[in-house]
Amino acid sequence: MKRGFFVASFGYTNMCGIIGYTGMGNALPKITKGLSVLEYRGYDSVGLAARIGEEIATVKCRGRIGALEEKLKMQITAESHTAIGHTRWATHGGPSDINAHPHRAGRVVLVHNGIIENDGELKRELTAAGRTFLSETDTEVAAALLDVCYDEQNDPVAAIRAATARMRGSYAFGILFEDRADEVFAVRAGSPLILAKGADGYYLASDMTALLPFTSEYACLEEGEIAHLCASGVTVYAAEGKTHTPVWLHTDMTPEAAQKGGFAHFMQKEIEEQPHAIRQSLSPRTASGLPDFSADGITPDFWRAVGSVQIVACGSAMHAGLLGVRLFEELAGVPTTCHVASEYRYHPPVAREDTLVILISQSGETADTLAALRDAKRKKLSTLAIVNAVETSIAREAERRIYTYAGPEIAVATTKGYCTQLSVLYLIAAAMAHAKGMIGEQEARALVNTLVEDAPAAVEGMLAKKEMLRSLAELVAQREHVFFIGRGSDCALAEEGALKLKEISYIHAEAYAAGELKHGTISLIEEGTPVVALSTEQELYDKTESNVREVCSRGARVILLCREDAPVSASAEKTVRLPITSHAATLFAALAALQLLAYEAAVLRGTDIDRPRNLAKSVTVE
Ligand code: F6R
């Protein structure tokens, strides 16, 4: 049995969703159900294609699944046993009925995730050959190309192979051919696809969560493989031409895990799940009381040999990496740098033979992080991925992987994903420090204990204060600009606090090193500007307090997050006290406070918290 779960892609930009089914059951309710689970990825149009007798009927529209269901009632009354569906997040061409998937060309009807980069060139060629196009999408170009190849080859697999050989970019396709009744084809490169076996038929989806209402038996389609699904089974054609049937695995993820379970938003649920997520992520690696990654295939010798670390990630995962730098350097004495994945290739940091590149990604599919991983591998550097969604591209391609067992994260804004990344980074720092003799066994045990006991307890403690954070959010929610300041590790935490607030509440938020503000940005502080000041490090309290005074004297209203033992601030308007049982406790409590503050501010502003505008839950484009 496989521990963990699949959420094929989670991050930002281009997060379309695919589901397909063929079998003895009624396909349409399955497709609409699967599409509704995929909603969290963010979408602006939706559609499906269903085989009805000899024909393939297509229904699609701009807007939500409710609108599709209304259209469906009018347009398809017969039962279907084979269908594909899609949620689209516009990239090539705006959101419209016409640009929505599926797209049809001749005998081919398909849905597509990803981006065909050479669609312009292909479209010119196809137009010259007499093809016409209705939409602005790269997907319709792919459909036309496949139809041409199908005319030439008259064999679906050969046609798919020939068509995809001409495409550059990333794709996952679900395909119906008009003259291949009750058969669904699929192919992927750079975008994930999962196959599944249900009681009455076979499925494919871009994301296992879409399939959980029907089955827990799955198999991953590998890069370049083509799948042929029919009611009696699935055949997979490997890139080199060999065929095999999938080896079905079992996921223990439940459909409930991908539902709100009584919470107003997935984000709220996921914030609440953090104590459990930390324990889940650490318990397989701390059973002996010492940091132990042997179940991940990583020995103390491996940690001992690490001479320097480069952490590469995007967004919040990169913010977790910023804290990782502090932990690795301070605890283990290992020189560490952190890099935005999209920039990593343009200015590759100097690496040595003993450099370890750590890629962090909740979704395991973020294109920039994946590209950085491939770049590091080309340079023969040792790579380690910290990933939440199992069997995803980053997890599979990295030399070593450590899963974060946070469970499915549905809200676009990461919370428990980040929190578990941080806890694993902390544990790695402890493992490296212990392996290198920087700390003794007693200290390593104490560190593990603070992570396993104090960190989740500190988050629980902050969750119990959510009413207070709700009232503080009122101060923030009325304004258009908010600053987050802190020194030391609080700089990195401030980055995450600001990102959380801006992405879900649409309030402009900026994080600054508290001492840096006065070198320019302080000119933006005016009467009533909220400033969230972080002060989790005892020795930096006085300095941060002077920065609090600085901004208050310019009219700022300060919410101070500080240790329980810090002296009362003379300037801050509101104070949130953080536990001091350990450094981990203070840090994780501050994190939960920042998440709750952002969440409550967004509630007050009435935004679409789980699906903020312009964002989606996975960035599979660079
Ligand atoms: C912010 C957020 C994003 C992701 C980023 C990386 O709340 O969720 O900044 O952290 O897109 O995504 P992953 O971790 O899936 O690589």
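Higher on the page you've got the structure.
Quantities reported herein were computed from a predicted structural model and do not represent experimental measurements.

**Here's the deal with helix H2 (residues 65-75)**
Here comes step 1: Those residues of H2 lying buried are Ile65, Leu68 and Leu72. One side of H2 carries all its buried residues, which in axial view fall inside an arc of 50°. Of the exposed residues in H2, the ones pointing more than 90 degrees away from its buried face are Lys73 and Met74.
Here comes step 2: Check the buried side of H2 and you find it contacts helix H1 (27-38), strand E2 (45-52) and strand E3 (55-62).

**Description of helix H5 (residues 156-165)**
Here comes step 1: Within the span of H5, buried status applies to Pro156, Val157, Ala159, Ile160, Ala163 and Thr164. The arc enclosing the buried residues of H5, seen along the axis, measures out at 160°, which places them on a common side.
Here comes step 2: Buried-residue contacts for H5 involve helix H4 (138-153), strand E7 (169-177), strand E8 (183-189), strand E12 (226-230) and strand E13 (233-237).

**With respect to the pairing of E13**
Here comes step 1: Summarising the sheet, E12 and E13 pair through five bridges and their orientation is antiparallel. Within the sheet, the bridge partner assigned to Cys230 lies in E13 and is Gly233.
Here comes step 2: Hairpin connection of E12 to E13: two residues between the antiparallel strands.
Here comes step 3: Here E13 pairs with strand E14 (residues 243-244) via two bridges, running antiparallel. Along E14, the bridge assignment pairs Val236 with His244.
Here comes step 4: Where E13 hands over to E14, the hairpin turn is made up of five residues, of which Gly241 adopts a positive phi near 105°.

**Section: the packing of helix H13 (residues 416-435) against helix H18 (residues 583-605)**
Here comes step 1: Look at H13 against H18: their axes get within 11 Å of each other, and the N-to-C directions meet at 165°. The pairing of H13 with H18 is recorded here as roughly antiparallel in orientation. When you trace H13 past H18, the crossing you get is right-handed. Facing H13, whose interface residues are Tyr418, Cys419, Leu422, Ser423 and Tyr426, H18 presents His583, Ala584, Leu587, Phe588 and Leu591.
Here comes step 2: Split by residue class, the contact of H13 with H18 holds eight nonpolar, two polar and no charged.

**Some remarks on the nonpolar core**
Here comes step 1: Counting residues in each nonpolar core, the largest one holds 97 residues, and the members touching the most others are Trp303, Phe328, Ile428, Phe484, Leu561 and Phe588.
Here comes step 2: Looking at which element gives the most residues to this core, the answer is H18, with 16 residues.
Here comes step 3: Not counting chain neighbours up to four residues away, the residues in contact with Ile428 comprise Phe293, Trp303, Phe328, Leu384, Ile386 and Ile402.
Here comes step 4: Judged by nonpolar contacts, the second largest core, of 29 residues, contains Ile19, Ile76, Tyr203 and Met253.

**Some details on the pattern of salt bridges**
Here comes step 1: Applying the stated criterion across every chain yields a total of 36 salt bridges.
Here comes step 2: Glu496 is paired through a salt bridge with Lys500; the nearest N and O atoms lie 2.7 Å apart. Here the residue Glu496 and the residue Lys500 both occupy positions in helix H16 (residues 489-505), the gap between them amounting to four residues, near one helical turn. There is no split in this pair, since Glu496 and Lys500 are both buried.
Here comes step 3: Across the salt bridge formed by Lys500 and Glu503, the nearest N and O atoms sit 3.3 Å from each other. Residue Lys500 and its partner Glu503 are both found in helix H16; the two are separated by three residues, about one turn of the helix.
Here comes step 4: A relative accessible area of 1% means that Lys500 is categorised as buried.

Cut-off values and rules
- Residues numbered from 1 in each chain as written.
- Predicted model: local features only at pLDDT ≥ 70, side-chain atom pairs only at ≥ 80, totals over all residues.
- Heavy atoms only, no water.
- Buried < 20%, exposed > 50% of the residue type's maximum accessible area, 1.4 Å probe, protein only.
- Helix = DSSP H or I, 4+ residues; strand = E, 2+ residues; numbered from the N terminus.
- Arc of directions from axis to C-beta.
- Contact = heavy atoms within 4.5 Å.
- Pairing = 2+ DSSP bridges.
- Axes fitted to C-alpha atoms, helices over the stretch in contact; angles between N-to-C directions.
- Parallel < 35°, antiparallel > 145°, perpendicular 65-115°, else oblique.
- Left-handed = near helix turned anticlockwise from the far one by under 90°.
- Nonpolar A, V, L, I, M, F, W, Y, C, P; charged D, E, K, R; others polar.
- Core = buried A, V, L, I, M, F, W, Y, C linked by side-chain atoms within 4.5 Å.
- Salt bridge = Lys/Arg side-chain N within 4 Å of Asp/Glu carboxyl O.

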